[in-house]
Amino acid sequence: MSALLEVKGLQVHYGGIQAVKGIDLDVHEGELVTLIGANGAGKTSTLNALSGLLKPAAGSITFAGQPLAGMPVHQLITAGLALVPEGRGVFPRLTVAENLAMGAYVRADQAEVRKDLDRMFGLFERLHERRDQKAGTLSGGEQQMLAIGRALMGRPRMLLLDEPSMGLAPLMVQKIIAVIRQVAAEGMTVLLVEQNARLALQAAQRAYVMEGGRISFSDTAHACLNDPRVRAAYLGE
Amino acid sequence: MDIFLQQVINGLVQGSIYALVALGYTMVYGIIELVNFAHGEVVMVGALVSLSVIERLAARGYSGWTVIVIGLLLAVPACIALGLGIERVAYRPLRKAPRLAPLISAIGVSIALQQLAALIWGRNYLHYPDILPKTQYAIGGAVISEVQVVILIAAAVLMAGLWILVQRTRLGRAMRASAQNPAVAGLMGVDVNRIIATTFAVGSGLAAVAGALVGAYYNVGNHTMGFLLGLKAFTAAVLGGIGSLGGAMLGGLLLGVIENLGAGYMGKLTDGAVGSNYSDVFAFLMLVLVLVLRPSGLLGERGIEKV
Ligand SMILES: Nc1ncnc2c1ncn2[C@@H]1O[C@H](COP(=O)(O)OP(=O)(O)OP(=O)(O)O)[C@@H](O)[C@H]1O
Ligand SMILES: [Mg+2]
């Protein structure tokens, strides 16, 4: 079976800086795969290239058998890919409800959109209580919930998450990870970029480890958790 | 006669025209952080296109508001096309350039449009034919003309319409989202380039109406008329808080009233030493004052509704 997302030889450059130096990566339908690595490893650059925010210097990206290269950013969601960007990227002066509505911007099935909105409010009760509040006034964790909910509102085939745990208190991190697990358990394909390796490995089925712009290691999440190199470098043991 | 009330009425009329123009500045600034210095010239083109239409119709014996409306039916699409063209040719290629580049480009477009208009309409002051009713209504010691009433109503309707568009529609939501975070709006499926173009189109349409109203109100048009009007409207936008829709409306009205009150009382206060022709100075002094005391403008930052 061919993968839902297939990346081959991906390179990302910023002027003279090579941030991603030719990586291969694939994610199958229904999988929760994590990409872990230290600061500056090139994780965000990889995701931004996948979502068209950055133009890759080389390599191919295939999603559902369709090449993504050269596709304008705004067609990504129609193709079935939703990115929850690093730092959440909520629209601060739009209300919670308006942010969620933006997630469904390209959808025409208004009745279904309304159902999904109720589902999101069920999934994230805090957002329900704050539906008419400006998103900029939410706490970091609430904003992360909103960003995830907003991405789900587009009914993507695959979710790309860039460090959803960033800057959150441990309890909130647990909550966010629980939501990601639940979404994945319901059948969503997920690529989770994380610095919090332990949590990511506990949630994911497979993992890629990124170092200095290259994939240094990849295996099942379980094997990674038990691998001495991963343990030493990423799990602080 | 109640001078105060009269100047307030005149000020609100003039101010609602400033506000219509200021909305164009503020919307474009809100979405791409560019001061579209060519915007005043779009107003000028709106005024002169409608003038051409009105002249021809008046020459055939038509008169009344229908003539103005027909003038608008041509001026609005002409200005929308012009605004879209300016965005596409002068600004979009410079979207990622240093901020100074589009600013210079804007000034270039502004000069080019003035010269082009001089070629088409000549360099003389053109006068509008006398086609509008001269009816006046008395209110509490002051008078308001039918033209003034129409301007106030037209501006109010347009501003309410714009408010609904921006706050209550899917397009408006996409405009606000694109202003706040264009990259993420793109991820949601918004074609941000199209939203930016739409913003220019809306602003230019309002500019066309403002131009036609200004022409009808003051009965005069010229290829340079966009300069001072544009500057005043930009001042109004900054006064209200650039990027804020409510700010542009408030700033416009306020500037109009201040100017007219200033003009009305200046001579009296200074015993004739300084006359009403100093009203521009008064307006810009007010701007300096607001910027010193509240750099983000009256409604800037807090409660901002950027588009
Ligand atoms: N816009 C940019 N211009 C120049 N260099 C950049 C830019 N963005 C990232 N880089 C560089 O590319 C490398 C990879 O950055 P990237 O943001 O992809 O890392 P990351 O793995 O997401 O790190 P983090 O965990 O801190 O988010 C870094 O060395 C970074 O300095
Ligand atoms: Mg990152």
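Residue positions are given per chain, counted from 1 along the sequence in the order it is written. A letter from A marks each chain and a number from 1 marks each ligand, given out in the order of writing. The model is predicted, so local features are restricted to residues of pLDDT at least 70 and side-chain atom pairs to those at 80 or more, both for listing and for counting; the totals for chains, interfaces and linings are taken over all residues. Where side-chain values are given, they derive from all heavy atoms of the structure, hydrogens and water being excluded.

**Thoughts on the coordination of the magnesium ion (ligand 2)**
All names here are of chain A.
Step number 1: Only N, O and S atoms count as donors, using a 2.8 Å cut-off from the metal and 3.2 Å for Na, K and Ca, and because water is excluded some sites may appear unfinished. Looking at the magnesium ion (ligand 2), the protein donor atoms are T44 (OG1) and E86 (OE), and they sit 1.9 to 2.1 Å from it. A residue pair is termed long-range when its members are at least 10 positions apart, and T44 in helix α1 (residues 43-50) and E86 in the loop between β6 (81-84) and α3 (96-103) qualify at 42 residues.
Step number 2: Working definition: with a 1.4 Å probe on protein chains only, accessible area under 20% of the residue-type maximum means buried, over 50% means exposed, and in between means partly exposed. For E86, a relative accessible area of 36% puts it in the partly exposed group. Strands are runs of DSSP state E lasting at least 2 residues, helices are runs of H or I lasting at least 4, and numbering of each runs from the N terminus.

**Regarding the interface of chain B and chain A**
Step number 1: Only heavy atoms enter the contact rule, under which two residues are in contact if any of them lie within 4.5 Å. Residue-level contacts link 21 residues of chain B with 21 residues of chain A.
Step number 2: Buried area is calculated as the accessible area (1.4 Å probe) missing from two parts once they are joined, with the contributions of both summed. Buried area between chain B and chain A, summed over both chains or domains, comes out near 2000 Å², and the portion from carbon and sulfur atoms is 63%.
Step number 3: Together, Q180, L187 and M188 of chain B form the three largest contributors to the area buried by chain B at its contact with chain A, with a combined 36%.
Step number 4: The partner of R176 of chain B in a salt bridge is E98 of chain A, and the shortest N-O contact between them spans 2.8 Å.
Step number 5: In protein, a polar contact requires one atom able to donate a hydrogen and another able to accept it; more generally it is a pair of N or O atoms within 3.5 Å, and residues adjacent in sequence count only if both atoms are side-chain atoms. Counting every contact that joins chain B to chain A gives 3 residue pairs in polar contact (both at pLDDT 80 or more).
Step number 6: Looking at the side of chain B that touches chain A element by element, the count peaks at 6 residues for helix α6 (residues 170-180) of chain B. Should a side-chain nitrogen of Lys or Arg be within 4 Å of a carboxyl oxygen of Asp or Glu, the pair is scored as a salt bridge.

**Thoughts on the environment of M172 of chain A**
Residue and element names in this part refer to chain A.
Step number 1: Tracing the backbone shows M172 in helix α7 (residues 170-185).
Step number 2: Residue class for M172 comes out buried when judged on its relative accessible area of 12%.
Step number 3: With 30 residues separating them in the primary sequence, M172 and E142 have C-alpha atoms 8.8 Å apart.
Step number 4: In contact with M172, not counting residues within four places along its chain, are R126, G141, E142 and M145.

**Considerations on the sheet that holds strand β3 (residues 32-37) of chain A**
Whether parallel or antiparallel, the strands of a sheet pair through hydrogen bonds between backbone atoms.
Residues and elements named next belong to chain A.
Step number 1: When DSSP finds at least two bridges between two strands, those strands are taken to pair. Within the open sheet, the 6 strands sit side by side as β6-β7-β8-β3-β9-β10. Their pairing is mixed. Single-partner strands in this sheet number two, and they are β6 and β10 (214-220). Averaged over all pairs of adjacent strands, the angle between strand axes in this sheet comes to 15 degrees, irrespective of strand direction.
Step number 2: Strand direction decides the pairing type here: strand β7 (residues 158-162) and strand β8 (residues 189-194), joined by 5 bridges, are parallel. Residue L160 lies in a different strand from β8, and its bridge partner there is L191.
Step number 3: Angular values range over 0 to 180 degrees, each being the angle between N-to-C directions of two axes fitted as lines to C-alpha atoms, with helices fitted over their stretch in contact. In the packing of α7 onto the sheet, the strands contacted are β3, β7 and β8, and the crossing angle to β8 comes to about 155 degrees.

**Observations concerning the site of ligand 1**
Residue and element names in this part refer to chain A.
Step number 1: Near, as used in this document, describes a residue that has one of its heavy atoms within 4 Å of the molecule or strand being considered. Around ligand 1, the structure places 14 residues, and the nearest of them are N39, K43, T44, S45 and E86.
Step number 2: In this structure, an oxygen atom belonging to ligand 1 sits 2.7 Å away from a side-chain N or O atom of T44.
Step number 3: A distance of 2.5 Å separates an oxygen atom of ligand 1 from a polar side-chain atom of S45.
Step number 4: Values of accessible area rely on a 1.4 Å probe in the Shrake-Rupley scheme; residue burial ignores everything except the protein chains shown. Compared with its free state, where it exposes 630 Å², ligand 1 has 62% of that area covered by protein.
Step number 5: Breaking the shell around ligand 1 down by element, the ones donating at least two residues are β2 (17-27) and α1.
Step number 6: Looking at the shell around ligand 1 element by element, the count peaks at 3 residues for α1.
Step number 7: In this count, Pro and Cys sit with the nonpolar residues alongside Ala, Val, Leu, Ile, Met, Phe, Trp and Tyr, while Asp, Glu, Lys and Arg are called charged and the others, Gly among them, polar. Partitioned by chemical class, the residues of the shell around ligand 1 number 5 nonpolar, 6 polar and 3 charged.

**Side note on the sheet that holds strand β4 (residues 58-63) of chain A**
Residues and elements named next belong to chain A.
Step number 1: Read across the sheet, 4 strands follow the order β2-β1-β4-β5 without closing on themselves; strand pairing throughout is antiparallel. Each edge of the sheet is formed by a strand with only one pairing partner; in this case those strands are β2 and β5 (66-67).
Step number 2: Summarising the sheet, strand β1 (residues 5-14) and β4 pair through 5 bridges and their orientation is antiparallel. In the sheet register, V7 faces β4, and the bridge partner there is I61.
Step number 3: α1 contacts β1, β2 and β4 of the sheet and is inclined by roughly 115 degrees relative to β1.

**What about the side chain of S145 of chain B?**
Step number 1: Positionally, S145 of chain B belongs in strand β3 (residues 142-145).
Step number 2: Those residues in contact with S145 of chain B that lie beyond four places of it in its chain are T135 and Q136 of chain B.

**Digging into unusual backbone geometry**
Step number 1: Of note in this structure, R155 of chain A is not a glycine but carries a positive phi near 45 degrees.
Step number 2: As for its position among the elements, R155 of chain A is in the loop between α6 (140-152) and β7.
Step number 3: Overall, the relative accessible area of 42% leaves R155 of chain A in the partly exposed class.
Step number 4: Positive phi outside glycine occurs at E33 of chain B, with the angle close to 50 degrees.
Step number 5: You can see E33 of chain B is positioned in the loop between α1 (3-32) and α2 (39-59).

**Notes on the pattern of salt bridges**
Residue and element names in this part refer to chain A.
Step number 1: Enumeration according to the criterion identifies 20 salt bridges over all chains in this entry.
Step number 2: In this structure, E29 engages R157 in a salt bridge whose closest nitrogen and oxygen atoms are separated by 2.9 Å. Here E29, found in the loop between β2 and β3, pairs with R157, found in the loop between α6 and β7; they are 128 residues apart in sequence, far enough to count as distant.
Step number 3: The exposure class of E29 is partly exposed, given its relative accessible area of 45%.
Step number 4: According to the relative accessible area criterion, R157 is partly exposed, its value standing at 39%.
Step number 5: Several salt bridges converge on common partners, so that one network encompasses R107, D109, E112, K115, D116, R119 and R155.

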